[in-house]
Amino acid sequence: MPQYLQRGHIPPKRHTIHANVPGHRQEGIFYEEVITTQGFSRAYSIVYHLRPPTRVLRIESGGTTPIAKSEEKLLRHVHLKTASIAPVGDPITGRIPLMFNSDVVLSRCRPALEQADLYRNARADEILFVQRGSGRLVSMFGVSPFRPMDYIVIPKCTTYRIELDSEPTESDMLVMEAFGDVGFPPRYLNPDGQFRLGAPFCERDLHGPIELGTQDLEGEFAVNIKDGENWTRYTMANHPFDAVGWDGMVYPFTFNADDFEPITGTIHQPPPIHQTFQASGFVVCTFAPRMLDTHPQAIKVPYAHSNVESDEVLFYVRGQFGSRRGVEVGSLTLHPHGIPHGPHPGTIIASRNVKFTDELAVMVDTFRPLHLAAAAVPLDDPNYPFSWLD
Ligand SMILES: [Fe+2]
C-alpha cells in the first residue's frame, strides 16, 4: 500500500462530528465512509462526504461479460501482436481480455470513445499501464493526472472516470485486474513500513490524487459496477465525487516506469530485481532502461530458462529488445510453465559489445497457469514457438 495521505479537511478525531451547517437534511455534518481492506485488519481510508454515499435511486442489470476461452489445448509459447488492435469502446468497455486465470485478467485497451459512465470494480484491484496517452483519473479521492509509462493502481471499489487529454484513439493501455490485493514486495520495506534505501523506488515516486474536485450535485448519476463477469448499473441520487476530505492508505496512485531505478551487476541479475508490485497469485516487474552486465565474460542477454511453476507474460513497451527477434512495440508474449524459453539465436553475440539497453517492458509472472482468451487467437503469431531455430 502507498503511504498515508490526507486531502481536504477532516476532523481532529475519527468517528466524531465533522460539522457542516446546515448540511444534508440539516443534519449539520459531513458523512463519514470508512473503506477497509481484509475485513478491518489491513489498510483503510476514511472519507467525508457532503451526503451519505448510500443514496441509491435504481438498480438494474448491466449484463454479463464472460471471457470466452481459446479452444487450443497445446502447451506452447505465444506471441500476440496487439499494437494494431482496432480501437473499440471506451477506457472501460473497450478492454479486451487476452489472458486470464483465477488471480488476474490481462486485457489490452485501445479506446475509441471517451468514458461514458462512472465505473467501479467491485471484485478486483486494477493496475492500468499507460503505454500511450495522458489524462486524469477522477474519483472521490480527487484528481490523479497520468502520463505515458505510468502504472495507475486503483483499489477495488473505487468509483472512477478516466478523462483523456486528446482523442481516445491516441491512448493505449495494458489492464491488469487483480482479484487479490496489490501491494509492494515486502522486502522493499523496512520494519517501520518505509521503503528501504536500495529499493528501486520509494514514497517520492508514488503519486496520490492532487486535488479533490468536490461535486455538490443532486440528480441522477449512473455507476456501472463490475462484479466478476456480472455488471450492475446503479443510479445514485447525488454525484459520488462529493468528498470534502479524506485520509488513509487506500486511494488510487500512479508510479511512472521511468522512475524505476534499475539494479545491475557484473553478471546477469534475475528478474526479481525488476519487481514492482506483488499481488495474490502474480507479480509485476518493470524491465527499465539500464546498464548491461560489466564482467568481461558476461553473457548480456538472459539465459535459457525453465520457470517450472510460473507463466511469464511480457508486454513490450518501448525501445529495442535485446534478447528477442520479431517482437515489436505492443507485442505480448506468453512463455508458460513446463517448457524452456531463452534468447533468440544471434542475440548473445549481438549483445557482446552493448553497454546499455533502452528496452522498457512490463512483465507479469503468474503462479497459476494462464488461459488464452478466444479474443487472443486472431492476434497470435503461429510461427513464434519455432522462432528459436536458426
Ligand atoms: Fe524467463
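That block above? That's the structure.
(A) Quick look at the coordination of the iron ion. Note on the iron ion: its protein donors are H305 (ND1), E312 (OE), E312 (OE) and H341 (NE2). The metal-donor distances range over 2.2 to 2.7 Å. What the 4 donor atoms of the iron ion show is an angle range of 52 to 129° at the metal, which sorts the shape as irregular. Expressed as a motif, the donor residue spacing for the iron ion is H-x6-E-x28-H. You can see E312 sitting in strand β23 (residues 311-318) and its partner H341 sitting in the loop between β24 (331-335) and α1 (347-350), a full 29 residues away along the chain.

(B) A look at the pairing of strand β10 (residues 135-139). Burial analysis of β10 places 4 of its 5 residues in the buried class, which makes it a mostly covered element. One ladder, built from 5 bridges, connects β10 with strand β11 (residues 142-146); its direction is antiparallel. Its bridge partner lying in β11, S139 is registered against G142. The antiparallel pairing of β10 with β11 creates a hairpin that spans 2 residues between the two strands.

(C) Here's a closer look at the sheet that holds strand β3 (residues 44-49). Read from one edge to the other, the open sheet built from 4 strands follows the order β1-β18-β3-β2, with strand pairing classed as antiparallel. Two strands in the sheet have a free side with no partner beyond their single neighbour: β1 (5-8) and β2 (31-36). Pairwise comparison of adjacent strand axes, ignoring direction, gives a mean angle of 15° for this sheet. Here 5 bridges tie β3 to strand β18 (residues 243-248), and the two strands are oriented antiparallel to one another. From the neighbouring strand, I46 faces β18, where its bridge partner is D247.

(D) Layout of the sheet that holds strand β14 (residues 172-178). Across the sheet, which stays open at both edges, the 7 strands sit in the order β19-β12-β9-β14-β7-β6-β27 with antiparallel pairing between neighbours. Two strands in the sheet have a free side with no partner beyond their single neighbour: β19 (253-256) and β27 (371-372). In terms of strand pairing, strand β6 (residues 95-100) meets strand β7 (residues 104-109) through 5 bridges, oriented antiparallel. Across the sheet, residue F100 finds its bridge partner in β7, namely V105.

(E) Examining the side chain of D172 more closely. The residue D172 is located in strand β14 in this model. A polar contact of 2.9 Å, which involves the side chain of D172, links it to the side chain of R110. Setting aside residues up to four positions removed in sequence, D172 forms contacts with R108, C109, R110, F129, V130, Q131 and R132.

(F) View of the pairing of β24. The buried count for β24 comes to 5 of 5 residues, which makes it a mostly enclosed element. Alternating positions in β24 separate into two faces, S331, T333 and H335 on one and L332 and L334 on the other, with burial throughout. Inspection of the sheet shows strand β5 (residues 78-81) paired to β24 by 4 bridges, in the antiparallel sense. Counterpart to V78 in the pairing with β24 is L334.

(G) Geometry of a nonpolar patch on the surface. A cluster of nonpolar side chains, namely M1, Y4 and M249, defines an oily patch on the protein surface of about 270 Å² accessible area. Mapping M1 onto the fold places it in the segment before β1.

(H) Focus on unusual backbone geometry. Residue P22 follows V21 across a cis peptide bond; omega there is 5°. By the secondary structure assignment, P22 is in the loop between β1 and β2. The backbone of H15 sits at a positive phi, close to 60°, despite the residue not being glycine. Here H15 is to be found in the loop between β1 and β2. One non-glycine residue, R25, lies in positive phi territory at about 50°. Mapped onto the fold, R25 is located in the loop between β1 and β2.

The rules we used
- Residues numbered from 1 in each chain as written.
- Predicted model: local features only at pLDDT ≥ 70, side-chain atom pairs only at ≥ 80, totals over all residues.
- Heavy atoms only, no water.
- Donors = N, O, S within 2.8 Å, 3.2 Å for Na, K, Ca; no water.
- Tetrahedral: all angles 85-135°; square planar, octahedral: opposite > 155°, others 65-115°.
- Helix = DSSP H or I, 4+ residues; strand = E, 2+ residues; numbered from the N terminus.
- Buried < 20%, exposed > 50% of the residue type's maximum accessible area, 1.4 Å probe, protein only.
- Pairing = 2+ DSSP bridges.
- Axes fitted to C-alpha atoms, helices over the stretch in contact; angles between N-to-C directions.
- Polar contact = N/O pair within 3.5 Å; in protein donor to acceptor, adjacent residues only side chain to side chain.
- Contact = heavy atoms within 4.5 Å.
- Patch = residues over 30% accessible without salt bridge, like charges linked within 9 Å, V, L, I, M, F, W, Y side chains within 5 Å.
- Areas by Shrake-Rupley, 256 points an atom, 1.4 Å probe, with all protein chains shown as cover.
- Salt bridge = Lys/Arg side-chain N within 4 Å of Asp/Glu carboxyl O.

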